[in-house]
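Residue-level structure breakdown
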Amino acid sequence: MSRVSKASVNAVFDRAISKLTVGAGADKRISRADAAKVVASIKDQTEAKFTDMLFKFIDHRDAAAGNTVGVGDLAKGAAYSKKELIGDYDLNNNGLSDAETAKMSTTGKLAVSLAKALKLSPPPAAE
């Protein structure tokens with residue numbers, strides 16, 4: 001049985017939020033079009049799908065008419081996601097097992113899958 005640490009999965013959330021924050025630009029707000037550009041620039045399909053799904057999750061949580069997604073909303077959404085979508089499933093605090101992961105939402109499962117892929121991938125070659 002393979003376990004993935006919550007820290008690895010949380011790092012995936014931080015990575016996606018960092019990319020979305022850069023995509024927000026100087027006004028510190030990220031539109032759906034901005035998010036789509038960020039997602040399109042990500043080469044890894046799992047990471048792109050996760051980043052897109054995470055943005056849509058955060059956007060949906062703040063869906064009242066006229067609301068926009070700001071950098072602060074991204075941070076709050078990431079903190080909420082780390083707790084509710086990941087942390088609440090590691091009941092014995094020894095990393096996420098396959099059985100615990102199977103009970104997660106699609107977003108949580110994608111985060112775990114991406115964490116595994118990034119951990120197994122060799123570091124990029126220096127340019």
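These lines cover the structure that appears in this document, whether it is placed above or below.

1. Focus: the overall build of the protein chain
When helices and strands are counted, the protein chain shows six helices and two strands. Reading the protein chain from its N terminus to its C terminus gives the helix and strand order α-β-α-α-β-α-α-α. Taking all 127 residues of the protein chain together, 34% fall into the buried category. When contacts within the protein chain are restricted to residue pairs at least 6 apart in sequence, those whose partners lie at least 24 apart make up 61%. Surface exposure of the protein chain reaches about 7400 Å², of which carbon and sulfur atoms provide 56%.

2. A few points about helix H2 (residues 32–41)
Burial in H2 covers these residues: Ala35, Val38 and Val39. Relative to the axis of H2, the buried residues are bounded by an arc of 95° and lie together on one face. Exposed and facing more than 90 degrees away from the buried side of H2 are Lys37, Ala40 and Ser41. Residues of H2 that are buried in the fold lie against helix H1 (6–24), strand S1 (29–30) and helix H3 (45–61).

3. Focus on H1
For H1, spanning 19 residues, the distance from its first C-alpha to its last is 27 Å, which sits close to the expected 27 Å at 1.5 Å a residue. Every buried residue belonging to H1 is among Val9, Val12, Phe13, Ala16, Ile17, Leu20 and Ala24, and all of these are buried. The buried residues of H1 occupy an angular sector of 125° when the element is viewed end-on, so they sit on one face. What points out from H1, more than 90 degrees from its buried face, is the exposed set Ala7 and Val22. Following H1 by one or two positions, Gly25 has its phi on the positive side, about 80°.

4. Observations concerning unusual backbone geometry
Among all residues except glycine, the phi angle is most often negative; among peptide bonds, the trans geometry is most common. Although it is not a glycine, Lys28 adopts a positive phi angle of roughly 60°. Positioned with a positive phi, Asn93 is a non-glycine residue whose angle comes to about 50°. Along the chain, Asn93 falls in the loop between helix H4 (71–86) and helix H5 (98–102). Of the residues examined, Asn93 reaches a relative accessible area of 58% and is grouped as exposed.

5. Side note on the environment of Ser105
Residue position: Ser105 is located in the loop between H5 and helix H6 (106–120). Its relative accessible area of 28% is what places Ser105 among the partly exposed residues. Counting along the chain gives 19 residues from Ser105 to Ile86, while the straight-line C-alpha distance between them is 9.2 Å.

About the cut-offs
- Residues numbered from 1 in each chain as written.
- Predicted model: local features only at pLDDT ≥ 70, side-chain atom pairs only at ≥ 80, totals over all residues.
- Heavy atoms only, no water.
- Helix = DSSP H or I, 4+ residues; strand = E, 2+ residues; numbered from the N terminus.
- Buried < 20%, exposed > 50% of the residue type's maximum accessible area, 1.4 Å probe, protein only.
- Contact = heavy atoms within 4.5 Å.
- Areas by Shrake-Rupley, 256 points an atom, 1.4 Å probe, with all protein chains shown as cover.
- Arc of directions from axis to C-beta.
- Expected span 1.5 Å × (residues − 1).

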